[in-house]
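Single-letter residue listing:
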2 protein chains.
Amino acid sequence: MRGIVAFYVTYLLCLILGIVCVVLVAHWNYTYRGGFAWDGSAKHFNWHPVFMVTGMVVLYGNAAVVYRIPLTWGHNKLPWKLLHAGLLLLSLILSVLGLCAVFDFHNKNHTPNLYSLHSWVGICTTALFTAQWVMGFTVFLLPCTPMAARAFIKPAHVWMGGIILVLSIVSCISGINEKLFFALKGNTNGTLPYSALPPEAITANSLGVIIVAFGLVVLKILSNQIWQRPEPGYDEGVYRPLAYDGS
Amino acid sequence: MRGIVAFYVTYLLCLILGIVCVVLVAHWNYTYRGGFAWDGSAKHFNWHPVFMVTGMVVLYGNAAVVYRIPLTWGHNKLPWKLLHAGLLLLSLILSVLGLCAVFDFHNKNHTPNLYSLHSWVGICTTALFTAQWVMGFTVFLLPCTPMAARAFIKPAHVWMGGIILVLSIVSCISGINEKLFFALKGNTNGTLPYSALPPEAITANSLGVIIVAFGLVVLKILSNQIWQRPEPGYDEGVYRPLAYDGS
C-alpha cells in the first residue's frame, strides 16, 4: 500500500513536470521568439523545440511509464499495449514534424543541415526511436510474432527504451543551450546577451532544468522494481541499465 | 563462460572508447585550440574540456564498472572498494580542476560565470558527484557505519551513480556544442565556420559521439544482471533505473 501511494505521488510529479515542460517551451517560443508559423521564417523554426520537447520527452516519458500504473494491473494488457504504442506513435509523429520544422527553416534560409553535435546526436536519437517503434510494433503487437521472439527481444526493447529517453534529454539540453547563444547576442537597441541572464534566458534555462528533472522522475519510476507490473516470468532476462554494485 | 567472454569483449570496448575520448579531447584542444597554459588565456580554458571529459566521464565510468570485472570476484571486496573510491576521488579532483580552469578564465576576462544551461547542468552534476562521493565514503568505507545503514543507502547510491554519469554526458555534449559555436565563427582570413564542418568540427563532433558511445557501453555493463558481482543478499532492494516493462 505504501508503495502504491509513493508511486502515485511520484507519478503526479511526473505529470506536473511534463505539463510544465510543454507550457514552458510553448511560452518561451510564443512570448520571446515571436510565435509560430509554417513559412520558412524564424517562426517556422520555433515549432522545432516545441515538437521535440513535447514529443521526444514528455509524451515519450509518459508512454514509457504506462505499464507502471497499478490501476491498470488488474486488466488485460492489450489495451495498455495499444496505449503505449499509440502514445509513442504520436510522439514519433511530433518528432518528425519537429525535424521538418528545422530542415524547412534551414533549406529556406540556405543554412546547412546536420553540422552541429546537437544535430548529430538528435538525428541519431530520432532514427533509434523510429527503429525501436517499428521493432516494438512488429514484435509485441503483430499477433503472428511467436512468444519466444517476444521474450528474446524484450530485454533489448526495455534497455533501448530507457537509452532513447536519455539521448532525447542530451539532444534537448544541447539544443536549448545552442538556441540561446544564437538568439541572445545582445545589441545596441538594448537587447541583453545570454550572459546577462535576461528573462528569456531564465525561462529557457529553467525549461532545461525541468526537462532533466522530468527525465530523472521517469527513470526513477521505471527503475523501481516494486512498481513493475506483476507478470509471470517477468524477471527473466530483465536488464538494469543504470544499476551498479556500488556498495 | 559465454557471459564472461561477452563481458571482457564489452569491457575492452569500454577501455578503448575511454582512451579514444581522452586522446581526442586532448588532440582537439592541443592541435586546434592552441594547447594549454594556466595564465587566464584561452589556453587556460582548454584544460576545462580535457579535465571534465577525462574526470567526469572516462575515469568515472571506469570506476563504476570495477565491481563487474569477474577477475575480482574471488577476492576480498575491500581492495576493490578502495580502487572504486580512489578512481572516483581522482575523477572528482580532475572535475574540480576543470571547473577552476573555466572560472579562472572567465574571471580574468570579466566574463560572467554560470549563465548558460550547460553551466547550470554541469555545476549541478559536479555538486551531486561531490555529495555522492562524500556519502559513499562515509557509508561504505568508514568501518563505524552499521551494515543496516549500508543496506539502506545502497540502492540510492547505485541509482545516483548511474544518473550522475548520464548528467555528465548531458553536460559534455552541450559544452562541446557550445564551444564549437563560440570558436568556429568563420572569418575573412579563411577560417571556416562550424556549419562548413572544418576538420576541427569533425574532430570535436566525433569526440561527442564517442563520449555518448562510451556512456552507453558503461550503462550496458552496469545493467546486465549476469555481470554483477555475486553477493549474499545482493538482490534486496536493487533498483533498475532505466528498465521498463515494454513488452
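Residues numbered from 1 in each chain as written. Chains lettered and ligands numbered in written order. Predicted model: local features only at pLDDT ≥ 70, side-chain atom pairs only at ≥ 80, totals over all residues. Heavy atoms only, no water.

Points about the pattern of salt bridges
Residue and element names in this part refer to chain B.
Here is step 1: Enumeration over the complete set of coordinates arrives at two salt bridges over all chains.
Here is step 2: One salt bridge in this structure joins Arg33 and Glu200, with 2.7 Å as the shortest N-O distance. Residue Arg33 is located in the loop between helix H1 (2–32) and helix H2 (42–45), and its partner Glu200 is located in helix H7 (residues 199–223); the two are separated by 167 residues in the primary sequence. (Salt bridge = Lys/Arg side-chain N within 4 Å of Asp/Glu carboxyl O. Helix = DSSP H or I, 4+ residues; strand = E, 2+ residues; numbered from the N terminus.)

Looking at the confidence of the model for chain A
Here is step 1: Looking at chain A as a whole, its pLDDT mean stands at 92, while 94% of the residues score no less than 70.
Here is step 2: As scored by the predictor, the complex reaches a pTM of 0.94 and an ipTM of 0.93. (pLDDT = per-residue confidence, 0-100.)

Considerations on the interface of chain B and chain A
Here is step 1: Facing the 65 residues of chain B at the interface are 65 residues of chain A.
Here is step 2: Across the interface of chain B and chain A, roughly 6300 Å² is buried in total on both sides, 66% from carbon and sulfur atoms.
Here is step 3: Where chain B touches chain A, the interface holds zero salt bridges.
Here is step 4: Counting across the interface, chain B meets chain A through 14 residue pairs in polar contact (both at pLDDT 80 or more).
Here is step 5: Going through the elements one at a time, helix H3 (47–64), helix H4 (78–108), helix H5 (117–141), helix H6 (147–183) and H7 of chain B are the ones with two or more residues in the side of chain B that touches chain A.
Here is step 6: A total of 18 residues in the side of chain B that touches chain A trace back to one element, the largest contributor, which is H6(B). (Contact = heavy atoms within 4.5 Å. Buried area = accessible area lost by both parts, 1.4 Å probe. Polar contact = N/O pair within 3.5 Å; in protein donor to acceptor, adjacent residues only side chain to side chain.)

Things to note about helix H1 (residues 2–32) of chain A
Residues spaced three or four apart along an α-helix face the same direction, because each turn holds 3.6 residues.
All names here are of chain A.
Here is step 1: The end-to-end C-alpha distance of H1, which contains 31 residues, comes to 44 Å, matching closely the 45 Å that a straight helix rising 1.5 Å per residue would cover.
Here is step 2: Restricting attention to buried positions, one finds in H1 the residues Phe7, Thr10, Tyr11, Cys14, Leu17, Gly18, Cys21, Leu24, Val25, Trp28 and Asn29.
Here is step 3: Considering only its buried residues, H1 is in contact with helix H3 (47–64), helix H6 (147–183) and helix H7 (199–223).
Here is step 4: Phi for Gly34, located one or two positions after H1, is positive at around 95°. (Expected span 1.5 Å × (residues − 1). Buried < 20%, exposed > 50% of the residue type's maximum accessible area, 1.4 Å probe, protein only.)

Things to note about the relation of the copies chain B and chain A
Here is step 1: Each copy superposes on the other: chain B lies on chain A with an RMSD of 0.0 Å after a rotation of 180° and an axial shift of 0.0 Å. Viewed as a symmetry operation, the transformation between the two copies matches a two-fold axis.
Here is step 2: Most of the interface of chain B is mirrored in chain A: 100% of its interface residues are interface residues there too. (Least-squares fit on C-alpha atoms with pLDDT ≥ 70 in both.)

Let's talk about the packing of H3(B) against H7(B)
Residues and elements named next belong to chain B.
Here is step 1: At a minimum axis distance of 10 Å, the contact between H3 and H7 shows a crossing angle of 20°. Overall, the two elements H3 and H7 adopt an arrangement that is roughly parallel. The hand of the H3/H7 crossing is left-handed. On H7, the residues touching Val53, Val57, Val58, Gly61, Asn62 and Ala64 of H3 are Ile211, Phe214, Val218 and Leu222.
Here is step 2: Looking at the contact of H3 with H7 residue by residue, the classes come out as eight nonpolar, two polar and no charged. (Axes fitted to C-alpha atoms, helices over the stretch in contact; angles between N-to-C directions. Parallel < 35°, antiparallel > 145°, perpendicular 65-115°, else oblique. Left-handed = near helix turned anticlockwise from the far one by under 90°. Nonpolar A, V, L, I, M, F, W, Y, C, P; charged D, E, K, R; others polar.)

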